Amino acid sequence: MSDTTLSPAAPSAADRAMHPKNVPMRVRHLVESQQFTVPLLMELFNRSRGMERVVARGGSLDYQNKILATLFYQPSTRTRFCFEAAMQRLGGKVLSTEQAGAFSSEIEAERVEDSIRIIGSYSDVIVVRHPQAGGAKRAAQVSPVPVINAGDGEGGQHPTQALLDLYTIYRERPLDGLSVAIIGELDKGRTARSLAYLLAKFERVKIYFVSPPELQMKPDILEYLNEHSVRYEVESDIDRVIREVDVVYQTRIRPDRVRDRLELHRYAINSSVLEKMKADALILHPLPRTVELDKTVDDDPRALYFKQAANGLYVRMALLTMLLENDPS
Ligand code: CP
């Protein structure tokens with residue numbers, strides 16, 4: 001995917017497609033997490049704090065004339081419900097399809113570009129989950145309204161998940177100087193990939209990528225970290241890093257991706273792993289989970305994953321306000 005990082009000095013054609021003409025420091029479509037700068041992240045997080053107060057008083061009517069469309073070609077529980085709740089808490093309305101491919105009026109699934117052009121004429125912002133990496137960018141390139149990537153492909157991105165992950169950490173401690181273990185099926189992990197890009201924005205961060213060697217983080221992310229002088233280690237043994245890190249970001253490993261199912265348990269967080277972790281470590285997981293995160297972890301005060309999912313509402317409300325305010329359409 002081409003670089004869509006904000007670049008006010010010399011915007012590329014891709015930049016111009018991604019950002020409104022007169023506000024080059026703003027995101028128009030959210031396709032990949034590296035579009036965010038630290039000031040933009042802080043603006044998002046300040047707004048998210050405000051949204052916590054808005055939700056506590058039941059929501060607002062500020063966006064009652066706005067319509068959000070969710071166009072999901074893959075299943076989702078959290079992301080779709082969360083965006084729909086976010087728009088409703090802002091007073092707006094929602095149009096939704098969970099099986100966008102299956103419910104096309106054609107026998108062959110309609111191309112995302114055609115669907116987006118049409119749905120964009122019915123709505124003010126579109127949230128899309130697409131089975132191909134780059135699917136959200138294809139949508140953004142033709143959309144008359146802002147497009148938000150809710151996960152694209154295997155090895156693509158899931159930037160709003162990473163934003164809420166980072167917000168959850170930010171609510172607990174400073175982001176500069178963090179050490180973070182990102183564990184799981186990293187080569188195809190779109191949440192892990194998006195989070196790595198965001199962590200790279202901060203000073204003195206160190207990332208440990210922990211995975212079976214055959215499922216390790218892809219070179220594109222490692223090259224990006226090298227280019228931005230971000231420290232990282234690639235590791236296959238969870239025991240070698242678990243004592244060191246401030247944040248454990250656990251993700252799934254699908255059973256069909258490992259040769260031996262015992263591998264799954266080697267990367268699991270359970271009560272014996274908890275004993276080795278720092279007393280004030282944070283445990284995050286984008287969910288859903290399988291065996292990699294034992295239910296006995298839920299009662300540990302370091303387990304933040306349900307709070308993390310709840311934070312998604314505030315972050316996605318904040319994001320919607322930023323995109324809708326900026327949109328020239
Ligand atoms: N975390 C996440 O993306 O969950 P869903 O697949 O349920 O949206």
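Residues numbered from 1 in each chain as written. Predicted model: local features only at pLDDT ≥ 70, side-chain atom pairs only at ≥ 80, totals over all residues. Heavy atoms only, no water.

## Some thoughts on the confidence of the model for the protein
Part 1 of the argument: Of the residues in the protein, 90% reach a pLDDT of 70 or more, and the chain-wide mean stands at 90.
Part 2 of the argument: Low pLDDT (under 50) marks residues 1-24, which in the prediction has 54 contacts with non-local residues, meaning those over four places away or in another chain. (pLDDT = per-residue confidence, 0-100. Contact = heavy atoms within 4.5 Å.)

## Considerations on the sheet that holds strand 2 (residues 93-97)
Part 1 of the argument: Read from one edge of the open sheet, 4 strands run 2-1-3-4, paired in parallel fashion. Looking along the sheet, the strands with just one partner apiece sit at the ends: strand 2 and strand 4 (147-152). The average angle at which neighbouring strand axes cross in this sheet is 15 degrees, direction not considered.
Part 2 of the argument: Sheet topology note: the strand 1 (residues 67-72)/strand 2 ladder contains 5 bridges and is parallel. (Pairing = 2+ DSSP bridges. Helix = DSSP H or I, 4+ residues; strand = E, 2+ residues; numbered from the N terminus. Axes fitted to C-alpha atoms, helices over the stretch in contact; angles between N-to-C directions.)

## Some thoughts on the site of the ligand
Part 1 of the argument: Near the ligand, the surroundings consist of S76, T77, R78, T79, R129, H158, Q161, P286 and L287.
Part 2 of the argument: In this structure, R129 approaches the ligand through a side-chain N or O atom, which is 2.9 Å from an oxygen atom.
Part 3 of the argument: At 2.9 Å from a nitrogen atom of the ligand is found a main-chain nitrogen or oxygen belonging to L287.
Part 4 of the argument: Contact with the protein chains hides 90% of the accessible area of the ligand, taken as 250 Å² for the molecule alone.
Part 5 of the argument: Taken atom by atom, the bulk of the ligand overlaps the largest pocket.
Part 6 of the argument: Partitioning the shell around the ligand into residue classes produces 2 nonpolar, 5 polar and 2 charged.
Part 7 of the argument: Two domains share the shell around the ligand, each providing at least three of its residues, namely domain 1 (29-157 + 312-324) and domain 2 (159-309). (Near = heavy atom within 4 Å. Polar contact = N/O pair within 3.5 Å; in protein donor to acceptor, adjacent residues only side chain to side chain. Areas by Shrake-Rupley, 256 points an atom, 1.4 Å probe, with all protein chains shown as cover. 1 Å grid on protein atoms, 1.4 Å probe; cavity = no way out; pocket = protein on both sides within 12 Å on 5 of 7 lines; lining within 4 Å. Sits in = over half its atoms within 2 Å of the grid points. Nonpolar A, V, L, I, M, F, W, Y, C, P; charged D, E, K, R; others polar. Domains from an automatic or database assignment.)

## Details of the side chain of S143
Part 1 of the argument: Relative to the helices and strands, S143 resides in the loop between helix 5 (135-142) and strand 4.
Part 2 of the argument: Among the residues examined, S143 registers a relative accessible area of 7% and is labelled buried.
Part 3 of the argument: Here the side chain of S143 touches V145 through a polar contact of 2.5 Å, landing on its backbone oxygen.
Part 4 of the argument: With residues near it in sequence (within four places) discarded, S143 still touches R28, H29, I116 and I126. (Buried < 20%, exposed > 50% of the residue type's maximum accessible area, 1.4 Å probe, protein only.)

## Overview of the layout of surface pockets
Part 1 of the argument: Within this model, the largest pocket holds a volume of roughly 630 Å³.
Part 2 of the argument: Lining the largest pocket are 23 residues, with R129, R190, T191, R252 and P288 sitting closest to its centre.
Part 3 of the argument: Mapped onto the lining of the largest pocket, the elements with two or more residues apiece are helix 3 (78-89) and helix 7 (190-199).
Part 4 of the argument: Partitioned by chemical class, the residues of the lining of the largest pocket number 4 nonpolar, 11 polar and 8 charged.
Part 5 of the argument: The residues that make up the lining of the largest pocket include at least three from each of domain 1 (29-157 + 312-324) and domain 2 (159-309). (Points joined across faces, edges and corners; volume = space filled by probe spheres on them.)

## As for a nonpolar patch on the surface
Part 1 of the argument: On the surface, a nonpolar cluster with roughly 290 Å² of combined accessible area is contributed by L95, I118 and Y122.
Part 2 of the argument: Looking at I118, the relative accessible area reads 38%, which means it is partly exposed. (Patch = residues over 30% accessible without salt bridge, like charges linked within 9 Å, V, L, I, M, F, W, Y side chains within 5 Å. Salt bridge = Lys/Arg side-chain N within 4 Å of Asp/Glu carboxyl O.)

## Focus: the pattern of salt bridges
Part 1 of the argument: By the definition in use, this model includes 23 salt bridges.
Part 2 of the argument: In this structure, E263 and R266 form a salt bridge, with 2.6 Å as the shortest nitrogen-oxygen distance. Here R266 and E263 lie together in helix 9 (residues 262-266), a separation of 3 residues that amounts to about one turn.
Part 3 of the argument: Judged by its relative accessible area of 44%, R266 is partly exposed.
Part 4 of the argument: Shared partners join several salt bridges into a network, and the residues in it are E154, E185, D187, K188, R254 and R257.

## Points about the UniProt feature "domain: Aspartate/ornithine carbamoyltransferase Asp/Orn-binding" (unreviewed entry) in the protein
Part 1 of the argument: Here, the residues flagged by UniProt with the feature "domain: Aspartate/ornithine carbamoyltransferase Asp/Orn-binding" (unreviewed entry) are residues 176-322.
Part 2 of the argument: Taken as a whole, residues 176-322 contains 33% helix and 15% strand, while its terminal C-alpha atoms sit 25 Å from one another. (UniProt positions renumbered as here; feature names shortened; annotations may be inferred.)

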